[in-house]
Every structure is written in C-alpha cells, then in structure tokens.
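Inside the fold
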Amino acid sequence: MTIEHQNFRKEITAESHDHGAWTAEGYIQNQDLLEGYIYRTIPAKENSCGPIAVYNLCRHTGRELQFEDLLKEMDGMHLLHMPGPTLMHVMRRCLTKYLPGWQEVHGREESIARAEQSSMGIFRYHEQRIPHFVGYYREQGENFHFYNVCDGQEDAVMPMTDFIRGHLRGGRVKLIWWE
C-alpha cells in the first residue's frame, strides 16, 4: 500500500476503509477508523482529533469542508513536517479562518464555567493520559453533542456536567468557545 502525501490519503483497500468513522449526518465520530488518511506524516487515526473538532464544528455551522483538504491545510500550518499532535497555534489559526469569534480560557474551573454557557466549543484535555481535542455544540436545553470523545462515546449527547465528570478528571484543561 502506498502513501500519497500530497493527497493526504492512502490507497484504500477492503482492509483499510473508514466505514463507521462518519455519522449518517456527515460528522466524524471515530478517529480510530481513519487509517485511510495521513496527518502529520502518520495515519490520521493516531492524531487527528484537532482537525476532527474543527471539521465537525464547521459542519455544524453550515460551512462545508473536505476533511482531506482540512488535514492538508492544518498540516501545512505546522513549522515542522513530522509526526505529532495538532499544536494550539495551528488550532487558533485555523479557527480564526473558518470559525472566527472564538475565545480561549485556560484552567479547569474557568473552562467548565465558560463551556456550560457556550453555544459550542473545543476542549483540550487529557483522555486516558493522552492530549485530546473534543468539539461540542449545544443541543436543546442543557444537552450538548460531542463527537470522538472515547470508545463508547463516539457520538454522544449529554449534559455538560456528565462530560465534565467523566472526562475532565485530571491534567490541564483549555477551552476554545463561542457564545
């Protein structure tokens, strides 16, 4: 199987498809199934939570992007072409382009307070000791829609308090949010 870095997509075979990565509505719900894409020189299943969060919030706001194009654009925003996670300065730059008007807070308590009042946002926290971005948007009432959280919560609707209790248990927390 060959990797075409300029296209950011592997040759897809029956064994390496991304079936189940997307919801019926076109949101990305499970990065573990994105082995057919390349991001930062490695399979996107390893490190694409940042682009997934951007992609899903763009979709939620009606901005249609091709995931493959977003991977390529965000990869190009990194100074070094090497394996690694999405850096915060890349998230900020990409969000300024596609979803302006965001605000950022650092710290667990401040992030929680802003998230509960927000219309949508992206958490940066540690999921099972691994840095992770998770995007969300407000549903009806007190429920929020989360994608790509963890196994078993790929496409989850829950109150913010449930997400906080189950996932913001330790480590640094940052939040990019919209009113």
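Given the structure is predicted, the values throughout are model-derived calculations rather than measurements. (Residues numbered from 1 in each chain as written. Predicted model: local features only at pLDDT ≥ 70, side-chain atom pairs only at ≥ 80, totals over all residues. Heavy atoms only, no water.)

Looking at the overall build of the protein chain
Going by this rule: A run of H or I in DSSP counts as a helix once it spans at least four residues, and a run of E counts as a strand once it spans at least two, with each numbered from the N terminus. Using a 1.4 Å probe on the protein chains alone, a residue whose accessible area is under 20% of its type maximum counts as buried, one over 50% counts as exposed, and one in between counts as partly exposed. In this description, contact between two residues means that some pair of their heavy atoms is separated by no more than 4.5 Å. Only the protein chains shown count as cover for residues, and all accessible areas are computed by the Shrake-Rupley method using a 1.4 Å probe.
Check the secondary structure of the protein chain and you find 5 helices and 10 strands. Of all 179 residues assigned to the protein chain, the portion counted as buried reaches 48%. Counting contacts in the protein chain only where the partners sit at least 6 residues apart, residues at least 24 apart contribute 54% of the total. Accessible surface, the protein chain as shown: approximately 9,000 Å² in total, 48% of it carbon and sulfur.

What to know about the nonpolar core
Filter applied, for reference: As used here, the term nonpolar core means buried Ala, Val, Leu, Ile, Met, Phe, Trp, Tyr and Cys residues forming a set that is joined through side-chain atoms within 4.5 Å.
In this structure, L34, V54, F67, L70, M74, L95 and L99 are the most contacted members of the largest nonpolar core, which totals 34 residues. Every element with two or more residues in this core is listed here: α1 (49-60), α2 (67-77), α3 (88-98), β6 (120-127), β7 (130-138) and β10 (174-178). Ranked by residues supplied to this core, first place goes to α1 with 7 residues. Those residues in contact with L99 that sit more than four places away from it in its chain are V54, L57, C58, T61, M120 and W178. Ranked by size, the runner-up nonpolar core spans 20 residues in total, among them I112, F123, M160 and W177.

Details of the environment of M160
Within the secondary structure layout, M160 lies in helix α5 (residues 160-167). Put simply, M160 and A115 are 45 residues apart on the chain and 7.5 Å apart in space, counted from C-alpha to C-alpha.

Regarding unusual backbone geometry
Within the chain, Q128 stands out as a residue other than glycine whose phi angle is a positive 55°. Among the secondary structure elements, Q128 is positioned in the loop between β6 and β7. Q128 gets classed as exposed once you look at its relative accessible area, which sits at 65%. One non-glycine residue, N148, adopts positive backbone phi at about 60°.

What to know about the packing of aromatic side chains
For clarity, the threshold we go by: The criterion for an aromatic pair is that two Phe, Tyr or Trp rings (for Trp, the six-membered ring) have centres within 6.5 Å, with stacked assigned to planes under 30 degrees apart, edge-to-face to planes over 60 apart and tilted to the rest. Working rule: Lys NZ or Arg CZ, within 6 Å of ring centre, within 35 degrees of ring normal, means a charge sits over the ring.
With the rule as written, the count across this model stands at 13 aromatic pairs. Arranged with centres 6.3 Å apart and planes meeting at 85°, the rings of W22 and F67 form a pair that is edge-to-face. Separated by 45 residues along the polypeptide, W22 in the loop between β2 (9-10) and β3 (38-39) and F67 in helix α2 bring together distant segments of the chain. Classification of F67 by relative accessible area gives buried; the value is 3%. Consider the rings of Y136 and F144, whose centres lie 5.6 Å apart with planes at 80°: the pair is edge-to-face. The exposure class assigned to Y136 is buried, which follows from its relative accessible area of 0%. An aromatic cluster is defined as three or more aromatic residues linked by ring pairs; in this entry it consists of F123, Y125, Y136, F144, F146 and F163. Directly above the ring of Y27 sits R59, whose terminal nitrogen or CZ lies 5.9 Å from the centroid.

Things to note about helix α4 (residues 108-117)
Note the cut-off: Relevant arc is that of directions from the helix axis to the C-beta atoms, nothing else.
Taken together, the buried positions of α4 are occupied by S111, I112 and A115. Across the axial projection of α4, the buried residues extend over an arc of 100°, all falling on one side. The exposed set on the far side of α4, more than 90 degrees from its buried face, consists of E109 and Q117. As for α4, its buried residues are in contact with β5 (103-106), β6, β7, β8 (143-147), α5 and β10.

Considering the packing of α2 against α3
Quick reminder of the rule: Here an axis means a line fitted to C-alpha atoms, over the contact stretch when the element is a helix, while the angle between two N-to-C directions is reported on a 0 to 180 degree scale. Comment on the angle field: the value is read as roughly parallel under 35 degrees, roughly antiparallel over 145, roughly perpendicular from 65 to 115, and oblique elsewhere. Crossing handedness: left-handed means the near helix sits turned counterclockwise from the far one by under a right angle, and right-handed means the same turn made clockwise.
One can describe the packing of α2 onto α3 by two numbers: an axis separation of 9 Å at closest approach and a directional angle of 130°. The angle between α2 and α3 places the two elements in the oblique class. Judged by the twist between their axes, the crossing of α2 over α3 is right-handed. Between α2, through L70, E73, M74 and M77, and α3, the contact on the second element is made entirely by H89, V90, M91, R93, C94, K97 and Y98.

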